[in-house]
Amino acid sequence: MKKFTTQFLPLALCFTIFLMAFAGCGKAPKSTSTNATEASSKDSSGQNPKDMEEDPSGTASNSNSAETPKNAPSDTPVDVTLNEVAHSIFYAPMYVAIEEGYFMEENINLDLVTGFGADKTMTAVLSGEADIGFMGPETTVYTYNEGSNDRVVNFAQLTQRAGNFLVAREEMPDFSWQDICGHEVLGGRKGGMPQMVFEYILRQNGIDPSKDLTIDQSIDFGSTAAAFSGGKGEFSVEFEPGATALETEGVGYVVASLGVDSGYVPYTSFSAKSSYIEEHPDIIQRFTNALQKGMDYTLKHSPEEIAAVIAPQFKETDMETLTAIIARYHKQDTWKENLIFEESSFGLLLDILSDAGELTQRPVYKDLVNTSFAQKAAK
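Nothing here was measured: the structure is a model prediction, and the numbers come from that model.

*Asks:* Give a detailed account of the layout of surface pockets, specifying residues and quantitative values.
*Replies:* Of the voids in this model, the largest pocket is the one considered here, and its volume is about 950 Å³. V85, A86, F221, G222 and F239 are the residues nearest the centre of the largest pocket, which is lined by 41 residues in total. Within the residue set of the lining of the largest pocket, elements represented by two or more residues are helix 6 (118-127), helix 8 (193-204), helix 9 (224-229) and strand 8 (235-239). Among the elements that make up the lining of the largest pocket, the one with the highest residue count is helix 8 (four residues). Among the residues forming the lining of the largest pocket, the class breakdown is 17 nonpolar, 16 polar and eight charged.

Following this line, the structure appears as structure tokens:
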């Protein structure tokens, strides 16, 4: 019996271990069941309800934008932060793209932030606070000439004329630029496109900006209309809706369009750091596609139709005023049919900077402009 037990016991132990192993094969590891529970708690959009409580909109926050895979496929929604130099009706095609859902069609969750000045917008781009900047392209020249290691490159041009107007205190149906000589004019920031285009027009008309008139550049952008209404200056260079507001108030009259008198100028464009463009070409293309759709709509519809679309962006402006401003910009051919920033326009920009004494060296066109995305969007 002892001999039998000695021989049988090892066999029994082996058989028991085999049965235990076989029974365990059908059980899932604890970590797997936890993942399944977490997956089942997410809704059909792939978001956890807890996350949606933190973000009632049901969309991912901008803090997750850095986790977006590089060159994400076009069917993957991505977060893009756009910093605009100012919130103006002058940029109507961009707001059409937003309100008509063209960015969403390109699977871009756009976060629009107003920088209130080209210098602030550029700072946001350089710091990574914004993915894309919308401002005067002169700022990219300044940054390049200052020796930035990561060039900020223009990839789409929106406006092809200046968007400001000269306002006088009385109606001047036969206005000539010579009429402002000897008077005080409320101007813009030194080195900014509004001021440089103004000075460019003066020089084109044989007027020396530093000798033949007084230009007050001490007033903040956006505050000149209030200063003019309060009695400051005899003329003022104004954007909309400031120019129309002064006319409505009866304290000012538009006597000239800087957009018409300066000719075609690359006034505003979209730009991003070269590193961002290289890492996310698909996002830049989708962004440009949405802009082109907005431009196409703007050029094919009436001022009334455009005003109705972008009204949510300008709730403080009544429809009559909004329509009148859009009509004024439409009439002077403000918006570019395509978004291609052409080399001739870049050369003109450098000439304007040089005339204003703001150019230390002339950058090469291809170093600061990439037209491939605009060209593709225009097809």
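*Asks:* Give a description of the sheet that holds strand 1 (residues 78-84) that names residues and reports values.
*Replies:* The sheet built from five strands is open, its strands ordered 2-1-3-10-4 with mixed pairing. Of all strands in the sheet, those bounded by a partner on one side alone are strand 2 (108-114) and strand 4 (152-159). For this sheet, the mean inter-axis angle between neighbouring strands, taken without regard to orientation, is 25°. With six bridges joining them, strand 4 and strand 10 (residues 268-273) adopt antiparallel strand pairing. For Q157, the partnering residue across the bridge sits in strand 10 and is S269. Contacts between helix 13 (residues 281-300) and the sheet are confined to strand 1, strand 2, strand 3 (132-135), strand 4 and strand 10, with strand 4 contributing the most and set at about 15° to the helix.

Definitions and cut-offs
Residues numbered from 1 in each chain as written. Predicted model: local features only at pLDDT ≥ 70, side-chain atom pairs only at ≥ 80, totals over all residues. Heavy atoms only, no water. 1 Å grid on protein atoms, 1.4 Å probe; cavity = no way out; pocket = protein on both sides within 12 Å on 5 of 7 lines; lining within 4 Å. Points joined across faces, edges and corners; volume = space filled by probe spheres on them. Helix = DSSP H or I, 4+ residues; strand = E, 2+ residues; numbered from the N terminus. Nonpolar A, V, L, I, M, F, W, Y, C, P; charged D, E, K, R; others polar. Pairing = 2+ DSSP bridges. Axes fitted to C-alpha atoms, helices over the stretch in contact; angles between N-to-C directions. Contact = heavy atoms within 4.5 Å.

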